[in-house]
Amino acid sequence: MQADLVLSNVGQLVGVTASGLPSEGSGLANRFQVIPGGSIAALDGRITWVGPASELPEISRNCARHDCGGHVVIPGLVDSHTHLIYAGDRVEEFEWRLAGASYQEIAERGGGINTTVRALRKATNADLASQTRQRLRRCLAGGVTTVEVKTGYGLNSADELRCLDVIAQLDREGPWELVPTFLGAHVVPPEFAGDRQGYVRLLCEEMLPHVATSGLARFCDVFCDRGAFDLRETRSILETARQLGMKLKLHADELTCLGGAQLAAELDAISADHLLCIDQAGIEALARSRTIATLLPGTALFLGLSFAPARQILERGIPVALATDSNPGTCPSENLLLMGSLACTQMHMSPLEALVGMTLHGAAALGLSDRLGSFEPGKQADFVICDVRRFEQLFYEFGANHVRQVFKRGKLVFDANAAAAS
Ligand code: NIG
Ligand code: FE
């Protein structure tokens with residue numbers, strides 16, 4: 001067999017699948033196998049063989065053998081929902097919140113998302129790239145090799161397109177892989193405060209057509225909530241995006257239950273995200289659809305809200321992806337493994353469901369499960385070596401970073417020992 005990389009001395013290989021077909025409900029977690037003493041062979045960044053090391057076929061010469069030190073190996077993590085491209089922080093507003101103001105009250109006073117919009121519009125492309133690069137480095141050090149990045153702090157054609165350009169530049173730089181989403185419908189920007197309809201028109205008639213022709217965004221997302229966009233506005237924006245050939249995502253039922261989950265299901269969005277306030281009708285609508293439920297427990301933690309009803313969602317067979325929502329207002333963290341701890345302890349998900357959520361289901365929420373998210377011949381050789389005995393420890397020892405080494409497309413791209421030395 002031809003290979004240029006083989007893993008040896010793996011304690012547990014977690015995340016082996018037999019088929020890369022998109023998930024069929026939570027049953028998928030049962031097909032996410034753990035092989036004690038497993039191995040992977042790869043050629044040119046793609047997996048060619050997966051199985052128990054004892055069954056490894058004869059390999060051609062010139063193949064690098066990477067010793068995994070008896071540790072656990074998991075697929076490269078996929079953070080399928082972030083707002084990572086922003087300027088500055090909102091630490092003052094954090095203090096206001098600690099003194100009693102709610103997230104919505106701060107937004108109504110002109111703070112919140114609009115604070116970050118002001119900061120981003122002033123930032124140069126170089127500033128924006130360098131701040132975002134720092135965050136991506138933290139993602140990588142935490143085992144995340146693929147990151148969805150939403151715009152949504154530009155809120156005019158020039159600044160939104162500039163963000164998409166910077167995301168494309170950072171994706172070319174690598175070693176991470178970025179998936180861009182257009183979130184021009186994040187809130188109504190201050191210059192349209194008295195003319196909501198005018199902003200929705202700008203989105204549909206100018207911004208979306210530009211974004212679609214630029215080819216710089218894979219998805220269109222809308223923040224459908226009180227204080228953001230209502231159901232009717234959301235529908236018209238998403239329908240326009242769909243007509244322009246874009247795939248859809250939706251911030252649904254995050255702070256209030258507006259029926260976003262039903263709308264996401266009806267429009268065949270690839271994912272409905274947040275769902276802190278989803279009701280039974282929303283769950284039933286998702287269960288009848290192909291839409292993935294993306295849960296973001298860091299946001300509930302940071303805002304002090306109730307967590308999404310993960311068990312009810314999983315029990316209806318809806319695939320659940322887990323992501324950080326990393327952003328300056330509701331979850332200033334890039335720590336995806338920590339979200340797994342929250343999923344287990346606060347949403348009663350099993351460690352295997354949590355891991356599937358941040359690998360295979362995360363990939364499915366980006367339409368990439370045919371090449372990412374599990375160990376299977378033909379998929380990308382993206383994997384993470386973790387200094388634990390069994391993978392459950394990743395969520396049990398919460399907040400710790402167990403990541404030793406990260407490989408993207410068969411290449412070592414992060415080494416904790418080298419990072420500590422430098
Ligand atoms: O997902 N919900 C909308 N957007 C973010 C918050 C963004 C911000 O506060 O800057 C979220 O929670
Ligand atoms: Fe979000």
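See the structure above.
**Q** Could you give an account of the packing of helix H4 (residues 125-141) against helix H5 (residues 157-173), with specific residues and numbers?
**A** Running from N to C, H4 and H5 point in directions that differ by 50 degrees, and their axes come no closer than 10 Å. On the basis of the axis angle, H4 is oblique to H5. The way H4 lies across H5 gives a crossing that is right-handed. Of the residues in H5, those in contact with Asn125, Leu128, Ala129, Thr132, Arg133 and Leu136 of H4 are Arg162, Cys163, Val166, Gln169, Leu170 and Glu173. By residue class, the composition of the contact of H4 with H5 is six nonpolar, three polar and three charged.

**Q** I'd like a rundown of helix H6 (residues 196-214), residues and numbers included.
**A** Counted at 1.5 Å a residue, the expected span for H6 with its 19 residues is 27 Å, and the 25 Å between its end C-alpha atoms agrees. Maximum bend of H6: about 40 degrees, positioned at Leu203. When H6 is considered as a whole, its buried residues turn out to be Gly198, Tyr199, Val200, Leu202, Leu203, Cys204, Met207, Leu208 and Val211. Its buried side turned inward, H6 meets H5, strand S10 (177-185), strand S11 (219-222) and helix H7 (231-243). The first or second residue beyond H6 is Gly215, which carries a positive phi of 70 degrees.

**Q** Before we move on, can you summarise the packing of aromatic side chains with the specific residues and values?
**A** As enumerated under the stated definition, the model contains five aromatic pairs in all. Taken together, Phe192, Tyr199 and Phe229 form an aromatic cluster joined through their ring pairs. Taking NZ or CZ as reference, Arg109 lies 5.5 Å from the ring centre of Trp96, over its face. Lying over the aromatic face of Phe229, Arg196 brings its terminal NZ or CZ to 5.8 Å of the ring centre.

**Q** Summarise the environment of Ser54; cite the residues concerned and give the values.
**A** Here Ser54 shows up in the loop between strand S5 (46-52) and strand S6 (64-67). Classification of Ser54 by relative accessible area gives exposed; the value is 68%. Separated by 67 residues in sequence, Ser54 and Arg121 place their C-alpha atoms 57 Å apart.

**Q** Outline the sheet that holds strand S3 (residues 33-36), supporting the account with residue identities and numerical values.
**A** With respect to topology, six strands assemble into an open sheet ordered S3-S2-S7-S16-S17-S18, the strand pairing being mixed. Edge strands, defined here as strands with exactly one partner in the open sheet, are S3 and strand S18 (411-415). Adjacent strand axes in the sheet meet at a mean angle of 20 degrees when their direction is disregarded. Sheet topology note: the strand S2 (residues 12-16)/S3 ladder contains four bridges and is antiparallel. Following the sheet pairing, Val14 is matched in S3 by Val34.

**Q** So what about the nonpolar core? Which residues, and what values?
**A** In terms of nonpolar packing, the biggest core is built from 109 residues, with Phe229 and Leu275 touching the most fellow members. With eight residues, the top contributor of residues to this core is H6. Counting residues in hydrophobic clusters, the runner-up holds 17 residues, among them Val10, Ile40, Ile47 and Ile385.

**Q** Summarise the coordination of the iron ion (ligand 2); cite the residues concerned and give the values.
**A** Each angle at a metal carrying four tetrahedral donors should ideally be 109.5 degrees, and each at a metal carrying six octahedral donors should ideally be 90 or 180 degrees. Each protein donor to the iron ion (ligand 2) is listed here as His81 (NE2), His83 (NE2), His251 (NE2) and Asp325 (OD); together their distances run 2.1 to 2.2 Å. All donor residues of the iron ion (ligand 2) come from one chain, and their arrangement in sequence is H-x1-H-x167-H-x73-D. Here the residue His83 occupies a position in the loop between strand S8 (77-79) and helix H1 (91-98), and His251 occupies one in strand S12 (residues 247-252), the gap between them amounting to 168 residues. A relative accessible area of 2% places His251 in the buried class.

**Q** Describe the site of ligand 1, listing the residues and the values that go with them.
**A** Taken together, 14 residues lie around ligand 1, and Arg90, Tyr103, Tyr153, Glu254 and Thr330 are the ones closest in. Here Tyr103 contributes a side-chain N or O atom positioned 2.4 Å from an oxygen atom of ligand 1. About the coverage of ligand 1: the protein hides 100% of its 330 Å² of free accessible area.

**Q** Hey, could you go over a nonpolar patch on the surface for me, with residue numbers and the actual values?
**A** A cluster of nonpolar residues, Val91, Phe94 and Leu98, forms a patch on the protein surface that exposes about 270 Å² of accessible area. Looking at the secondary structure, you find Leu98 in helix H1.

**Q** I'd like a rundown of the sheet that holds S6, residues and numbers included.
**A** Taken in spatial order, the four strands of this open sheet run S5-S4-S1-S6, and their pairing is mixed. Sheet topology places S5 and S6 at the edges, where each strand pairs with a single neighbour. For this sheet the average axis-to-axis angle between neighbouring strands, irrespective of direction, equals 20 degrees. In the sheet, strand S1 (residues 5-8) pairs with strand S4 (residues 38-43) via two bridges, with the strands oriented antiparallel. When the bridges of S4 are listed, Leu5 appears paired with Ala42.

**Q** Before we move on, can you summarise the pattern of salt bridges with the specific residues and values?
**A** Taken as a whole and assessed by the stated rule, the structure comprises 19 salt bridges. Salt-bridge contacts for Glu334 lead to Arg138; the nearest nitrogen and oxygen are separated by 2.7 Å. Here Glu334 is found in the loop between strand S15 (320-322) and helix H12 (336-347), whereas its partner Arg138 is found in helix H4, with 196 residues between them in sequence. With a relative accessible area of 46%, Arg138 lands in the partly exposed category. The closest approach of N and O atoms between Arg311 and Glu353, which form a salt bridge, is 2.9 Å. Taken together, the residues span a long stretch of sequence, with Arg311 in helix H11 (residues 310-315) and Glu353 in helix H13 (residues 351-357) at a distance of 42 residues. Residue Arg311 is classed as partly exposed on the basis of its relative accessible area, which comes to 27%. In this structure, a network of salt bridges that share partners links the residues Glu177, Arg371, Asp382, Lys408 and Arg409.

Analysis parameters
Counting from 1, residues in each chain are numbered in the order their sequence is written. Both sets of labels track the order of writing: A upward for chains, 1 upward for ligands. Where totals are concerned, whole chains, interfaces and linings use all residues; where local detail is concerned, this predicted model gives features only for residues with pLDDT of at least 70, and gives and counts side-chain atom pairs only at 80 or more. Remark: hydrogens and water are excluded; side-chain values derive from all non-hydrogen atoms of the structure. The convention used is that axes are lines fitted to C-alpha atoms, helices contributing only their stretch in contact, and that angles between N-to-C directions extend from 0 to 180 degrees. Numbering goes from the N terminus for both helices and strands, where a helix is a DSSP run of H or I of at least four residues and a strand is a run of E of at least two. Geometric relationships in this document are graded by angle, where less than 35 degrees denotes roughly parallel, more than 145 denotes roughly antiparallel, 65 to 115 denotes roughly perpendicular, and other angles denote oblique. Two helices cross in a left-handed way if the nearer one is turned anticlockwise from the farther one by less than a right angle. They cross in a right-handed way if the turn is clockwise. By the convention used here, residues are in contact when the closest approach between their heavy atoms is within 4.5 Å. Here the nonpolar group is Ala, Val, Leu, Ile, Met, Phe, Trp, Tyr, Cys and Pro; Asp, Glu, Lys and Arg are the charged ones; every other residue, Gly included, is treated as polar. Here the expected length of a helix is defined as 1.5 Å per residue gap, with one fewer gap than residues. For a residue, the bend is simply the angle between two axes, fitted respectively to the seven-residue segment ending there and the seven-residue segment starting there. Type-normalised accessible area, obtained with a 1.4 Å probe on protein chains alone, sets the label of each residue: buried when under 20%, exposed when over 50%, and partly exposed for intermediate values. Two rings from Phe, Tyr or Trp (for Trp, the six-membered ring) form a pair when their centres sit within 6.5 Å of each other. Planes less than 30 degrees apart are called stacked, planes more than 60 degrees apart edge-to-face, and all others tilted. Throughout this description, the term charge over a ring refers to an Arg CZ or Lys NZ atom that lies within 6 Å of the ring centre and within 35 degrees of the ring normal. DSSP bridges decide pairing: two strands pair if at least two such bridges lie between them. To qualify as a nonpolar core, a set must consist of buried Ala, Val, Leu, Ile, Met, Phe, Trp, Tyr and Cys residues joined through side-chain atoms within 4.5 Å. Counted as coordinating are nitrogen, oxygen and sulfur atoms within 2.8 Å of the metal, or 3.2 Å for Na, K and Ca, while water is not included, which may make sites look incomplete. In these notes, residues near a molecule or strand are those with any non-hydrogen atom within 4 Å of it. Definition of a polar contact: a pair of N or O atoms within 3.5 Å, with one able to donate and the other able to accept a hydrogen when the atoms are protein atoms, and with sequence-neighbouring residues admitted only if both atoms are side-chain atoms. Throughout, the Shrake-Rupley method with a 1.4 Å probe supplies accessible areas, and for residues the shown protein chains are the sole cover considered. A patch consists of residues exposed above 30% relative accessible area that lack any salt bridge, with like charges linked at up to 9 Å and nonpolar side chains (Val, Leu, Ile, Met, Phe, Trp, Tyr) linked at up to 5 Å. By convention in these notes, a salt bridge is any Lys or Arg side-chain nitrogen within 4 Å of a carboxyl oxygen on Asp or Glu.

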